[in-house]
Structure formats: structure tokens, C-alpha cells
Amino acid sequence: MHFKKLNPVAEKSNVGMNWETRKPQFSFFTRRAATSLAIVSGLLLSACAQDEEVPLGQIGYVQGFYGAISGDEPTSVLVGRDVLTAGGTAADAAIAMSFTMAATYPGRAGLGAGGVCLMHDGAIGLTETLDFTGKIGSLKTEGRAAAIPGMVRGMAVMHARYGTMDWRQLVLPAEQYARYGHRFSRAARADVTLAEKPLMRDANVKEIFVNEEGWVHPEGYRFAQVDLAATLAQIRAKGAGVFYQGPFARQVAAGIQAAGGNVSEEDLRNYLPEWRGVYGVQAGDYTFYTAEAPAGGGSVIAETLALANADERYEDLSGVDRLHLLLEASKRAYQHQQEYLEKGWNVSVSKDQFLGQEYAEKVMSGFDASKAYTARLTDVKFSENSYNTGFVVVDRNGNAAICDLSLNNLFGTGRMAEGLGFMIAANPDTKTRNPLNLAPMAVISANTNSFHGAIAGAGSSVKKISAMNVMLDVVVDEKNLIDALVEPRMGLSNDLGTVLVEKSFNADTISQLKAKGYRVVSDELPNRLNAIFCKNGLPRAEVGAECLTFTDSRGHGLSLMTSE
């Protein structure tokens, strides 16, 4: 299978935890919310008779196949599913999910977060990048330097181009969960446990997550976030602009500064998400798309894919030799990244310079199928952390949103904006608190530009290498998506000198890698992937989409779709 560079252009569930999938008491647009918010036509959970026609905008409008969805946090996936069944687009679902995670998954997403989404338009076959990563705050601070919040305005920009449902409908579920309470999910509880000691130094955080006896709430405990609900109410009623300009934006800036952050009113007012192109590498009948820099780490994936098939090597190899090739290509791509990344994560070289066939053949000319290339970095300028989250969603019309969100660290700065209820994102820097772990990937038909697959998730180099390996297995070898996702994974250390493998990794494969000269270390690797693959593509062909969606069993997420 030949790779080539392109110019830029009945419900089934899989649960990564023992999760009850019925809707919570205040899930989505309940009658109580509709009464208090009469301006919202809402997705009312009405007891309609089976033979009544369900109107657009109400859960159940879409009968049969509504699409597919997978994410790290179950409650947000349920909300996204409700949007799809009400006739919303993939973008509508992504917006509702992102806001919901402000309440249900605050360690990795929220109003203070930034992110990257690949958006695919099923009608015209266009794939593009939406970059709403947080920029550096301008004020001097002796506290905890913060990033300018990007998510709220990012979702507004996404809604303007790809959304169809009323903005207020999409923000309301998050507001309800924050106001009336939600169950403490296993996913969110695990994050609090990881960061418990430093996190509890913030009185506002402690008030939410700790009981009267001084213990963190147990999994399943219902709690509310009143300050967050009030902030979401402003965004719902007045739009995303209220968060960035005017009297309420002044409160946002003051709340961040009160928690030691360095974001000013002017920073908020001037912040703008950006639409960017994509990197495309063709594999047979499919094109792998990643986000164009400086949006995230998509350049490493694209370059690795291009290098892996220099001289059409990838398809000719199998087993450990193919893993060896992917590692060698990844090391060269990561090494190159240290050279071309500039301040602000801009790439100093053109796409042709690191995706072109001539360049790939030159870089891989020293590839030895029997020996590992020594690429240990003595000065690691840029490295990644694993504290982000990702989700994938496609609707019945083949529109897709593939997103990675992050606070640049687990719970960002570890501080909550005073009186506003959201965690503040850490200042992006050149060490580990940066957007380089944001690397969603789409798989699109090279012939029809229709949607076929997507993968996103949490992790650093392990996530990127694993995501490539999974999708290459599915596309090149036609492996079942679920089988590909459950395979043990590998990655590279930040200095590229060590191959990191999961403890369940095949012992014979480890021995073969060591025989090639690799230093191999087995460990628990923090990474989670969410993926969708539709063999026949979307919009659905007459023969059916044949879609599979899966959330990583390494995490506590949820994936949902209908078979018909």
C-alpha cells in the first residue's frame, strides 16, 4: 500500500468501566429546566406516544443510525448522544460534550481549557483544523502563570461554521449538571486522586471535592458546582462573547488573577481561535489527516507516516520489523521537531520540506532493518505530558468532530478562578506544559473524501505512536478496530533513548527489539484512545456503514452507536 503526501485540504455501547448508562436525573433538557428557561425550546424528555412524530431538536428525532461517539468521560458521551439523536450535527454534539466536561471532567477540560479539533464536512468532503489552544497571559505574576482560556470562544467559532442547533440548548446540559448536581464518575475521581495533595491547597477546589470529614468524595457521589453553574448561565444566555468582553469578562480576568493567574481583560478581548489547514498523508485508498501546526502535535504524526513509507517500506514489512520501522520513523520525526519548532509552536519549515517524498527518502536512507538508529537527545527542548482528553464523534451525514482538549497540566494550575467555578489552564511552556500532546487524527477516503475513521485521546508519544499503529492496522491489514485497540502499546521516552512498552507487551517482541539494539522498559503507560472506523464510509452507502466505535479499556470512558 503506497503512501503519498497530499496538499492540505439498536444502540451498542463499549464501556471502559462499570458504568450505568441510563440518564441521570438532570440529564439533558428536563421539564424543570424547560419551565425555568422558557426561551429554550430544548430537547424535552417528553413521554411521546410511539406513533407520534418527534420534532427536530427533541431526543428521538433521529430514528435508527444517528452516528457514533466515543470519549473518556461517560456523562459527556451521553449528552453528545442525545444531541445526535435530536438531529444535531457532530459539531453540536462536540460543543455540548466540551461544556459538559467543565462540570464532569474538570481535570482535563473545562472553560479554562484550550484544544484542537479536526472538523470534517460530510457534504463537501473538506477536513480542516480548528485551533483554540490557550495563549500565554500577558501580565507579570509571582503566582501561577496561566493560559488564556480558549475553549468557550473555540466552541462558538465551531458553532458558527458547523452547528445547527440553538447555542443555548448545547450549553444547558452542562449548566444543569453544575447547578443540580451530577455523579462523581470514576474517570474524574481518578484524576482527583492523582493530584489530591497539591489540588486541595485551593480552598475553592477543596470545597467541591472534599466532604466534612476531609475525604475526597467517593465515586458515584452527587455534588453541585454553583459558581460554575452561574458562569455557564451567562455563556448560555448571552453567548460566548460575554466571557471575553464586557463586565462579565472583567470578572473572569479578576477571578483568574485572584487565583494567581496572569490573564488580563485585554488578553481575553483579543483572544481568537484560528482555522488552519491540515497535514495529509495518503495510505492506499485513505488519507490520514492531522492538525496543522501550531495547533498541536500533528506534524510529528504526519512526518512519521511519510517517513515510514519512504521507498514503500511499510506494507512490505510485518510483525516486529514493522514496529521497528515505525519507531525509527518516529524518532526521526521527533528529532526533527526539536529543530523546526519555534516560539509559539510555529513550524519553521514548509510542508514539502518534511512531508515530501524526496525529503523522506533522504532522511530514511540510513534505515537499517536489523539495527536501531541512535537518536538520543542531549537537550530536550520540547516534551509532552499525558494530561489531556480526547473524543470522536460522527453524525449520520458523515460530519465529524475529532477533538483533543487540555489544561496543559492535570487540573491546569491547580487553582480555580475565584467565584467562577472553573479550573485555570497552566501557562504553555517549552517543557511539558504545552499543546504538543494534542494530536487528533482523521481517516478520509482519498477517492470520495467521505469519512471513514477517527482517533483521539490522552497521552504523549505513546498515544501518537499507538494511534498510528491502530489506524495503520485497520487500514493496511484490515484488522478489526477493537482488536487493534486492545493490543499492548509502545512509545518513546522524551530523550528518544528508550522504548516504553506496556507490561502486557509480548515478551518475544521485546526480545526481538532488544536484539536490534533498543533499550526497552516495561511500565504502566498513561494513554487512552477513542476511535471510530466505518468500513464503507459515511454518509452511509447502500450496503451500510459497517461502523465500529470503541473506548479504551485502559480508561473509564464510553462509546455509543446504533447498528441500524
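Owing to the predicted nature of the structure, the values given are computational and were not obtained by experimental measurement. (Residues numbered from 1 in each chain as written. Predicted model: local features only at pLDDT ≥ 70, side-chain atom pairs only at ≥ 80, totals over all residues. Heavy atoms only, no water.)

A. A look at the overall build of the protein chain. Helix and strand counts for the protein chain come out as 18 helices and 20 strands. Split into buried and exposed, the 564 residues of the protein chain put 63% on the buried side. Carbon together with sulfur atoms contributes 46% to the accessible area of the protein chain, which is approximately 20,900 Å² in total. (Helix = DSSP H or I, 4+ residues; strand = E, 2+ residues; numbered from the N terminus. Buried < 20%, exposed > 50% of the residue type's maximum accessible area, 1.4 Å probe, protein only. Areas by Shrake-Rupley, 256 points an atom, 1.4 Å probe, with all protein chains shown as cover.)

B. Just the packing of aromatic side chains, in detail. Applying the stated criterion to the full structure yields 12 aromatic pairs. Between Phe-209 and Phe-411, the aromatic rings sit 6.4 Å apart at their centres with planes inclined by 75°, giving edge-to-face as the arrangement. Here Phe-411 lies in the loop between strand 12 (400–406) and strand 13 (441–445) and Phe-209 lies in helix 8 (residues 203–209), a separation of 202 residues in the sequence. Accessibility classification places Phe-209 together with Phe-411 in one group, the buried group. With a centroid separation of 5.6 Å and an interplanar angle of 50°, the aromatic rings of Phe-243 and Phe-422 are classed as tilted. Note that Phe-243 is positioned in the loop between helix 9 (226–238) and helix 10 (247–258) and Phe-422 in the loop between strand 12 and strand 13, a separation of 179 residues in sequence. Judged on exposure class, the residue Phe-243 and its partner Phe-422 are both buried. Among the aromatic residues, those joined into a cluster by ring pairs are Phe-184, Phe-209, Phe-223 and Phe-411. Stacked on the ring of Trp-275, the Lys or Arg Arg-161 has its end atom at 4.2 Å from the ring centre. (Phe/Tyr/Trp six-rings, centres within 6.5 Å; stacked < 30°, edge-to-face > 60°. Lys NZ or Arg CZ within 6 Å of the ring centre and 35° of its normal.)

C. The sheet that holds strand 15 (residues 490–492), seen in detail. With respect to topology, 3 strands assemble into an open sheet ordered 15-16-17, the strand pairing being mixed. What marks the edges here is a single partner per strand, and that holds for strand 15 and strand 17 (520–523). Taking each pair of neighbouring strands and ignoring which way they run, the sheet shows an average axis angle of 30°. Looking at chain direction, strand 15 and strand 16 (residues 499–502) are connected through 3 bridges and run antiparallel. (Pairing = 2+ DSSP bridges. Axes fitted to C-alpha atoms, helices over the stretch in contact; angles between N-to-C directions.)

D. Highlighting the state of the cysteines. A complete count under the given rule lists 2 disulfides for this structure. Covalent S-S linkage joins Cys-117 and Cys-403, the inter-sulfur distance amounting to 2.1 Å. Its S-S torsion of approximately 115° makes the covalent link between Cys-117 and Cys-403 right-handed. Residue Cys-117 is found in strand 4 (residues 114–121), and its partner Cys-403 is found in strand 12; the two are separated by 286 residues along the sequence. In this structure Cys-117 comes out as buried when scored by relative accessible area, which is 0%. In this model Cys-534 forms its disulfide with Cys-547; the gap between the sulfur atoms is 2.0 Å. Looking down the S-S bond of the Cys-534 and Cys-547 bridge, the torsion is 105°, so its handedness is right-handed. Of this pair, Cys-534 sits in strand 18 (residues 528–538) while Cys-547 sits in strand 19 (residues 547–551), and the two are 13 residues apart along the sequence. Given a relative accessible area of 10%, Cys-547 falls into the buried group. (Disulfide = S-S within 2.5 Å.)

E. Summary view of the nonpolar core. In terms of nonpolar packing, the biggest core is built from 89 residues, with Phe-99, Leu-111, Met-158, Phe-209, Phe-243, Val-393 and Phe-422 touching the most fellow members. The greatest single-element share of this core, amounting to 11 residues, is contributed by helix 3 (residues 90–104). Setting aside residues no more than four positions away along its own chain, Phe-209 makes contact with Pro-106, Phe-184, Val-192, Met-200, Trp-215, Val-216, His-217, Phe-223 and Phe-411. Of all hydrophobic cores here, the second largest spans 66 residues; its members include Val-281, Phe-288, Val-474 and Val-520. (Core = buried A, V, L, I, M, F, W, Y, C linked by side-chain atoms within 4.5 Å. Contact = heavy atoms within 4.5 Å.)

F. Representation of the environment of Phe-184. Along the chain, the position of Phe-184 falls in the loop between strand 6 (182–183) and helix 6 (186–194). Residue contacts for Phe-184: discarding those within four places in its chain leaves Arg-189, Val-192, Phe-209, Val-216, His-217, Pro-218, Glu-219, Gly-220, Tyr-221 and Phe-223.

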